[in-house]
Amino acid sequence: RRVHGGVCQVGAVVCGIALCQGVFFYTKYALRHRRQKHPPTPDSGVVTPRRRKTDSRVARLLVVGDSLAVGVGCGARSPSLPISVALRLSERGGMSVVWKSIGIIGADANETRELIEESIKTDTFDVIVVVVGLNDVKRWALPWTRKNGSYGLSSFHEELSKIVRLVKEASPQTQVVFPALPIAFSPVLSRQPLGTFLTPVFSYWDKKKQELAAIFSGVVFVPAPSQQHIQKRLAKCGGKVDVFSLISGDQVHPNDFGYHLWGQHIVDTMLNILEVSRPVEHIFRRTFFSTQRNA
């Protein structure tokens, strides 16, 4: 009984430390980075393949969601994640990619659904990358940050299902991509003992994205890159093998290089899941661009 009581006491102390740590980091972030500079939203652009174009058509990409879609943390004038995804798609597909990004800092799944609903009223996209989940977890864990509505795993799953149905009703051929949250990029969110509790919580939320990919056709879940995967990519780029080289000054969002690696990871993993291999031009036409207009 004494041993059991001692274990419970230690557990309670660790939980208390993690809770205080989380509140401290959130408060610190909110006070210092609430008005952090970021690229304009919405934003758009065109990426052409560096090598010779092998297809005359143009792919259309939408990256939508929270501050990660907006590009908080990057120093560029345009959001780094949509550009990185577009560059990789262009490189792998041998065609130009017209990209658009739109987001709201602090957006949850419900607000992201509303952004998508407005975007697909006037545009048709071949690939929609939905970056969401971090703020849903935050509002579930910190009640004073909540807006109207309920927050939890079931409501999150319901909102994601609405997003998929909304997109598929407008354009059945559109690929919907749900990347897992890039927690490995953030030393703050993975710092112990807080990381011991946050990692499984984020995994539960990301699992809801994975479940949708198993249910709906044309929906892809991209797991988060592991620390080993990040180190390999850093080594290939000749960069310092250190996660701190991928994070911005707020210690939460990636920097330009972090967004760049994450965008590459999203595209490469998506294509691997779809069993696409080089050369991919003919598979790209069949998989992505049946809704495409000629350039």
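Up top is the structure.
The rules behind these values
- Residues numbered from 1 in each chain as written.
- Predicted model: local features only at pLDDT ≥ 70, side-chain atom pairs only at ≥ 80, totals over all residues.
- Heavy atoms only, no water.
- Helix = DSSP H or I, 4+ residues; strand = E, 2+ residues; numbered from the N terminus.
- Buried < 20%, exposed > 50% of the residue type's maximum accessible area, 1.4 Å probe, protein only.
- Contact = heavy atoms within 4.5 Å.
- Pairing = 2+ DSSP bridges.
- Axes fitted to C-alpha atoms, helices over the stretch in contact; angles between N-to-C directions.
- Core = buried A, V, L, I, M, F, W, Y, C linked by side-chain atoms within 4.5 Å.

Peer 1: If you had to explain the environment of I266 to someone new, which residues and values would you point to?
Peer 2: Along the chain, I266 turns up in helix 9 (residues 256-273). On the accessibility criterion, I266 (1% relative accessible area) is buried. As for I266 and L89, which are separated by 177 residues in sequence, their C-alpha atoms are 10.0 Å apart. Beyond its immediate chain neighbours, meaning those up to four positions away, I266 contacts L81, V177, P179 and V222.

Peer 1: Talk me through the sheet that holds strand 6 (residues 219-222); I want residue IDs and the actual numbers.
Peer 2: Strand order in the open sheet formed by 6 strands is 1-3-2-4-5-6, and the pairing between neighbours is mixed. Edge positions in the sheet fall to strand 1 (43-47) and strand 6, since each of these pairs with one other strand and no more. Across the sheet, the mean angle from the axis of one strand to that of its neighbour is 20°, orientation sign disregarded. The sheet contact formed by strand 5 (residues 175-179) and strand 6 spans 4 bridges and is parallel. Across the sheet, the residue bridging to V176 is V219, located in strand 6. Its contacts with the sheet place helix 3 (residues 80-93) against strand 1, strand 2 (58-65), strand 3 (96-103) and strand 4 (127-131), and it is angled at close to 160° to strand 3. Together, strand 4, strand 5 and strand 6 form the strand contacts of helix 9, whose direction differs from that of strand 6 by roughly 130°.

Peer 1: Can you break down the nonpolar core residue by residue, with the values?
Peer 2: Among the nonpolar cores identified, the biggest contains 27 residues, and V64, I116, I128, V130, L160 and F178 are the most heavily contacted of them. Residue assignment for this core shows that the elements contributing at least two residues are strand 2, helix 4 (109-122), strand 4, helix 6 (153-170), strand 5 and helix 7 (194-215). Contacts of F178, omitting those with residues within four sequence positions, involve V130, L160, I163, V164, K209, L212, V219, V220, F221 and V222. Judged by nonpolar contacts, the second largest core, of 26 residues, contains V63, L89, M95 and V127.

Peer 1: Tell me what's going on with the pairing of strand 4, and back it up with residues and numbers.
Peer 2: By the criterion of burial, strand 4 is predominantly enclosed, with 5 of the 5 residues buried. Residues V127, V129 and V131 point to one face of strand 4 and I128 and V130 to the other, with burial holding for every one of them. One ladder, built from 3 bridges, connects strand 4 with strand 5; its direction is parallel. Paired with V129 across the two strands is V177, which belongs to strand 5.

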